[in-house]
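As a plain string of letters, each chain reads:
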Amino acid sequence: MDRRNFLKSSAAIGTLATLNLNLNASAVTGGTEKKVASVCEMCSSRCPIEVTVKNGRGALIEGNHRFSNKTSVCARGGAGINQLYDDQRLIKPLIRVGERGEGKFKEVSWDEALKICAQKLGEISQKYGPQSVVFTSKTGEHHTQMMNFACAYGSPNIYSHWSCCPITYNIAVPHTFGANMQRDYGDTKYIVNFGHNLFEGIDISKTKKLAKAASREDVKLLVLDPRFSTVVASKADEWLPIKPGTDAAFLMALIHVWLRDNKYDKKFIEQYAVGLEELRQSVKDTTPLWQEAITGIKADKVERIANEIYAAAPAVVIDWGHKTTTAKAEYVRTRAIAIANALMGNVEKKGGIYFSKDSKTFNALCKEDLFPTISNPDKGFKIPKTARIDGCGEEGSENFFVPRKHGVLMQIAPTILSEKPYPVKGWVSTRFNHLINVAGVDKSVEAIKKLDFVLAIDVYMSDFACLADVILPESTYLERDESIQNKGGTAPGFVMRNKAVEPVGDTKCGYEIFRELARVMKIDKDYTWNNIDEYRMQQAKGNAELIANLIKNGYVSYKVPKLYYREPKLVAKFIDKYPAAAEFVDENGEMSSQMKFKTPSGKIELFAPKVEELFAGYGCLNTEGMDVFGGHKYCLMTGKTALHTNGHTQNVKILNDMMSESPVWISPASAKAEGLKTGDIVKLKNKFGEQKAKIFVTQGIRDDCLFLYHGFGHVSPGLKRTNGIGTNQSVLLDPAAGPVVSTMVTNVGVDIVKI
């Protein structure tokens, strides 16, 4: 089967839809049956799902057919039932009875557990101040509810997973356009992909769209990745094994060619952008020949690709990816990608990139409230103005551009150990395994053991939870109701997680846990709700019909003609349905007044003066920070597998059965030079640490690179299936952050030591 036919067939099926992902849940036939529309949480993509429940027990998870993309579920999504009924999950509150890290706990009641938490947190606040407790979580509703509690408690030290994953694009793209942008894979003609592997780091809706685009004969998919992924790169029209960390050099060479040859959208740039001359100056010497010595890509290929992209423009997507952590040059790389898109004039064009549009956007265009909007019940919570330990958002800080609700995770452990700028004595973490996901693992363990109090909220006995004083068992996503979430894009829409089954054991959801703890501590004055039903009703502003539809369908959307502000034909169709919007239409049929760039200049910033003021040389592009070898022979890279989510799912039985470890990829030439074969055990070593790894010899990688799937190498007796198996690359990572956005770099130099 050829590449395109493979993609056509794979895009049409739901992965693992026919496998029995229901192990440990008793088979149920007959009896009562219902279907519950909800939202998945086996990863952060939050795909719409439908859960079949038989006799009160979860039986099957499928994609929600009501969703506009007729979504499916991936292997992880299908394994949710397996996680739900896993006999190794946490189902009772626990308190530590041995030494910290010894793994000895006893079960207690919720009242006792919350009383201990309240007492310990109260003591820290009274003795050191509330700022002496840090709060960590992945993003999403866990983070929101944790942040509310932290604000009520009085701590500004709130963290999400941003700094170890998507922080760069979440800051660099808005630095350019004033907001994050969406990608139109459906109508594009050319996709430039820098290792953004949507067929392994699956987001069902985006993955299907990319698969369909790549299967079309009139679309070119160009992949630049040091690793020949058996999924994305193998489906590409062209794969370039770029040297790791050097994406910025390739991009700067492209931009050099476009500006040298005047092959860019001059009219668009003149109307909507500033900083062209500064951009010219920054790339005047970054020729294709210059980049060849850095990236390993021949100069003539860069010339050809630059011309191909320009010929396809504006229907091009130069993809910034998601886990933007490849090098200390990551900010420059991502800014270069954003600038490259702008030069091609693809903003608000079919097949390019566009602003997400929600109910508020369409109501403003239509001059009346045609679509429901939601309010924020948490608006009373404000992050305290107390100085953070990492200085995020504060004038004069190296972390000025990092939002105060996200923080820089790598700076927690050093602060605890040094007690500078002030002591940190407590740590509250919900569903975030710091010891698998963040650089500086050994220092983090040392720091945690120094604390007065550690609280973990989780589904499993994670590495972090194993070091806690109190562990509160969280309900899985199938056991809890949550809030309404905006699902805008090209049309107004909302999704909502609905409880499919009653909680197993004595677990609670994050809303309940933090709300009740705030009540016990008598710090709940800013809470305007007591339960999730009240929360939802406040969000919906009393719109019971919206809530009822979301309970029934899990997903609600409103059909409007697709609208891109710079596509006259689409604008005309929108005006036909909503005539009041005609006042926003220009003589050329576009809606230039809606091209609102929330940057300091109000335009696309090819050069960002505010960034330049604080970080000299970074207002535009530069050639710094591309070395990820650090004098070592190999660069160790990591990525996602379609079977696991970061450090969360390795202990889920069905997923563990399918993938129980992650060997390190090495090329045949390098394996021969090292005297290694598949299955050999080696030690990966650098100045930050060392880890054992099993060798996997494959042609799909550069000779100077190694590769691991992220999330293995757990050290927790409570994770019986995965404890002590695999390699934790975070032990080997450099905890030093990249400039401007303080990203954690996940490519690192290592040497191989035979055992």
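Higher on the page you've got the structure.
Here we summarise the structure given alongside this text. Just so it is clear, the model here is predicted, and its values are computed rather than measured.

1. A few points about the overall build of the protein chain
Assigned secondary structure in the protein chain consists of 24 helices and 27 strands. Taken over C-alpha atoms, the radius of gyration comes to 26 Å for the protein chain, in line with the 27 Å a tight globule of 755 residues would show. With the C-alpha coordinates aligned to their principal axes, the bounding extent of the protein chain is approximately 70 × 70 × 60 Å. Looking at the protein chain residue by residue over its 755 residues, the buried ones come to 61%. Within the protein chain, residue pairs in contact and separated by at least 24 positions form 73% of the contacts whose partners lie at least 6 positions apart. In the protein chain, the 98 positive side-chain charges and the 85 negative ones have mean positions that sit 2 Å from each other.

2. A look at the sheet that holds strand 13 (residues 316-319)
Strand order in the open sheet made by the 4 strands is 11-10-9-13, with parallel pairing throughout. Looking along the sheet, the strands with just one partner apiece sit at the ends: strand 11 (238-240) and strand 13. When strand polarity is set aside, the average angle formed by the axes of neighbouring strands in this sheet is 10°. Pairing of strand 9 (residues 190-193) with strand 10 (residues 220-224) involves 4 bridges; the strand directions are parallel. Looking across to strand 10, one finds that Ile191 is bridged to Leu221.

3. Quick look at the sheet that holds strand 15 (residues 426-430)
Read across the sheet, 7 strands follow the order 5-4-17-16-15-6-7 without closing on themselves; strand pairing throughout is mixed. Looking at which strands have only one partner, the edges of the open sheet turn out to be strand 5 (105-107) and strand 7 (158-159). Both strand 6 (residues 133-137) and strand 7 contribute to a ladder of 2 bridges, which runs parallel. Of the residues in strand 7, the one forming a bridge with Phe135 is Ile158.

4. What to know about the pattern of salt bridges
A side chain with one charge can pair with a side chain of the opposite charge if their charged atoms come near. All told, the structure shown has 54 salt bridges when counted by the stated rule. Ionic pairing is found between Glu474 and Arg431, a salt bridge with its closest N-O pair at 3.1 Å. You can see Glu474 sitting in the loop between strand 17 (470-473) and strand 18 (484-486) and its partner Arg431 sitting in the loop between strand 15 and helix 16 (434-437), a full 43 residues away along the chain. Across the pair, exposure class does not vary: Glu474 and Arg431 are buried alike.

5. Here we look at the pairing of strand 13
Residue alternation in strand 13 divides its side chains into two sets, Val316 and Ile318 and Val317 and Asp319, and both sets are buried. Bridge analysis of strand 9 against strand 13 gives 4 bridges, and the strand direction is parallel. The residue of strand 13 that forms the bridge with Ile191 is Val317.

6. Points about the environment of Val39
Topologically, Val39 is positioned in strand 1 (residues 33-39). Taking the C-alpha atoms as reference points, Val39 and Lys499, separated by 460 residues in sequence, lie 9.6 Å from one another. Those residues in contact with Val39 that sit more than four places away from it in its chain are Arg46, Cys47, Ile49, Tyr477, Val495, Met496 and Arg497.

7. Here's the deal with unusual backbone geometry
For the bond from Ala313 to Pro314, the omega torsion is 10°, close enough to zero to count as cis. Relative to the elements of secondary structure, Pro314 occurs in the loop between helix 12 (299-312) and strand 13. Residue Lys420 is joined to Pro421 through a cis peptide bond whose omega torsion reads 10°. On the secondary structure map, Pro421 appears in the loop between helix 15 (412-418) and strand 15. Phi angles above zero are rare outside glycine, and Asn55 is one such case at about 50°. Structurally, Asn55 is set in the loop between strand 2 (48-54) and strand 3 (57-63). Given a relative accessible area of 44%, Asn55 falls into the partly exposed group.

8. Let's talk about the pairing of strand 26 (residues 705-709)
Most of strand 26 sits inside the fold, with 5 of its 5 residues counted as buried. Covered by surrounding structure in strand 26 are Cys705, Phe707 and Tyr709 together with Leu706 and Leu708, the residues of both alternating faces. The pairing of strand 22 (residues 634-639) with strand 26 spans 5 bridges and is classified as parallel. Note on strand 26: the bridge partner recorded for Met637 is Phe707.

9. Considering helix 5 (residues 141-153)
Helix length check: helix 5, at 13 residues, gives a terminal C-alpha distance of 18 Å against a target of 18 Å (1.5 Å per residue), a fit within 8%. Taking burial as the measure, the 13 residues of helix 5 include 12 buried ones, the bulk of the element. Looking only at helix 5, the buried set comprises Glu141, His142, His143, Gln145, Met146, Met147, Asn148, Phe149, Ala150, Cys151, Ala152 and Tyr153. Where helix 5 terminates, the next one or two residues include Gly154, which has phi positive at roughly 110°.

10. Quick notes on the packing of helix 8 (residues 247-260) against helix 13 (residues 330-343)
Close contact between helix 8 and helix 13 brings their axes to 9 Å; oriented N to C, the two are set at 30°. Between helix 8 and helix 13, the interaxial angle falls into the category roughly parallel. Judged by the sense of rotation from one axis to the other, the crossing of helix 8 with helix 13 is left-handed. Here helix 8 contributes Asp247, Ala248, Leu251, Ile255, Trp258 and Leu259 to the contact with helix 13, which in turn contributes Val332, Arg333, Ala336, Ile337, Ile339, Ala340 and Leu343.

11. Some thoughts on the packing of aromatic side chains
Scanning all chains against the criterion turns up 27 aromatic pairs. The lysine or arginine in question, Lys357, covers the ring of Tyr565, its NZ or CZ lying 4.8 Å from the ring centre.

12. Remarks on the environment of Gly393
For Gly393, the location among the structural elements is in the loop between helix 14 (359-366) and helix 15. When its relative accessible area of 34% is taken as the criterion, Gly393 is described as partly exposed. Measuring from C-alpha to C-alpha, the distance between Gly393 and Lys405 comes to 9.4 Å, with 12 residues separating the pair along the chain. Residues within four places of Gly393 in sequence aside, it is in contact with Asn399, Phe400, Val402 and Arg404.

13. A word on helix 19 (residues 532-539)
Of the positions making up helix 19, those classed as buried are Ile532, Tyr535, Arg536 and Gln539. Relative to the axis of helix 19, the buried residues are bounded by an arc of 95° and lie together on one face. Packed against the buried residues of helix 19 are helix 5, strand 18, strand 19 (493-496), helix 18 (510-520) and helix 20 (544-553). By the N-cap criterion, in which a side-chain oxygen at the helix start approaches the backbone nitrogen of a residue two or three places on, helix 19 is capped by Asn531, the distance to Asp533 being 3.1 Å. Directly beyond the C-terminal end of helix 19, a positive phi value near 55° is found at Lys541.

14. Quick notes on the packing of helix 11 (residues 288-295) against helix 12
Across the interface, helix 11 lies against helix 12 with an axial gap of 8 Å and an inter-helix angle of 120°. In terms of axis orientation, helix 11 runs oblique to helix 12. As helix 11 runs across helix 12, the sense of the crossing is right-handed. Between helix 11, through Pro288, Leu289, Gln291 and Glu292, and helix 12, the contact on the second element is made entirely by Ala299, Val302 and Glu303. Classifying every residue of the contact of helix 11 with helix 12 gives 4 nonpolar, 1 polar and 2 charged.

15. Focus on the side chain of Glu605
Here Glu605 is to be found in strand 21 (residues 604-605). Buried charge without a partner: Glu605 forms no salt bridge, and the closest opposite charge is Arg335, 6.3 Å away. Once residues within four sequence positions are removed from consideration, Glu605 is found in contact with His175, Thr176, Val274, Arg335, Thr599 and Pro600.

16. Side note on the state of the cysteines
For the coordinates displayed, the defined rule picks out 0 disulfides. Cys392 carries a free sulfur, and the closest cysteine sulfur to it, the one in Cys164, is 14 Å from it. Assessed through its relative accessible area of 0%, Cys392 is described here as buried.

Quick notes on the rules
Residues numbered from 1 in each chain as written. Predicted model: local features only at pLDDT ≥ 70, side-chain atom pairs only at ≥ 80, totals over all residues. Heavy atoms only, no water. Helix = DSSP H or I, 4+ residues; strand = E, 2+ residues; numbered from the N terminus. Rg over C-alpha atoms; globule rule 2.2 N^0.38 Å. Buried < 20%, exposed > 50% of the residue type's maximum accessible area, 1.4 Å probe, protein only. Contact = heavy atoms within 4.5 Å. Lys, Arg positive; Asp, Glu negative; His and termini not counted. Charge placed at Lys NZ, Arg CZ, Asp CG, Glu CD. Pairing = 2+ DSSP bridges. Axes fitted to C-alpha atoms, helices over the stretch in contact; angles between N-to-C directions. Salt bridge = Lys/Arg side-chain N within 4 Å of Asp/Glu carboxyl O. Expected span 1.5 Å × (residues − 1). Parallel < 35°, antiparallel > 145°, perpendicular 65-115°, else oblique. Left-handed = near helix turned anticlockwise from the far one by under 90°. Phe/Tyr/Trp six-rings, centres within 6.5 Å; stacked < 30°, edge-to-face > 60°. Lys NZ or Arg CZ within 6 Å of the ring centre and 35° of its normal. Arc of directions from axis to C-beta. Polar contact = N/O pair within 3.5 Å; in protein donor to acceptor, adjacent residues only side chain to side chain. Nonpolar A, V, L, I, M, F, W, Y, C, P; charged D, E, K, R; others polar. Disulfide = S-S within 2.5 Å.

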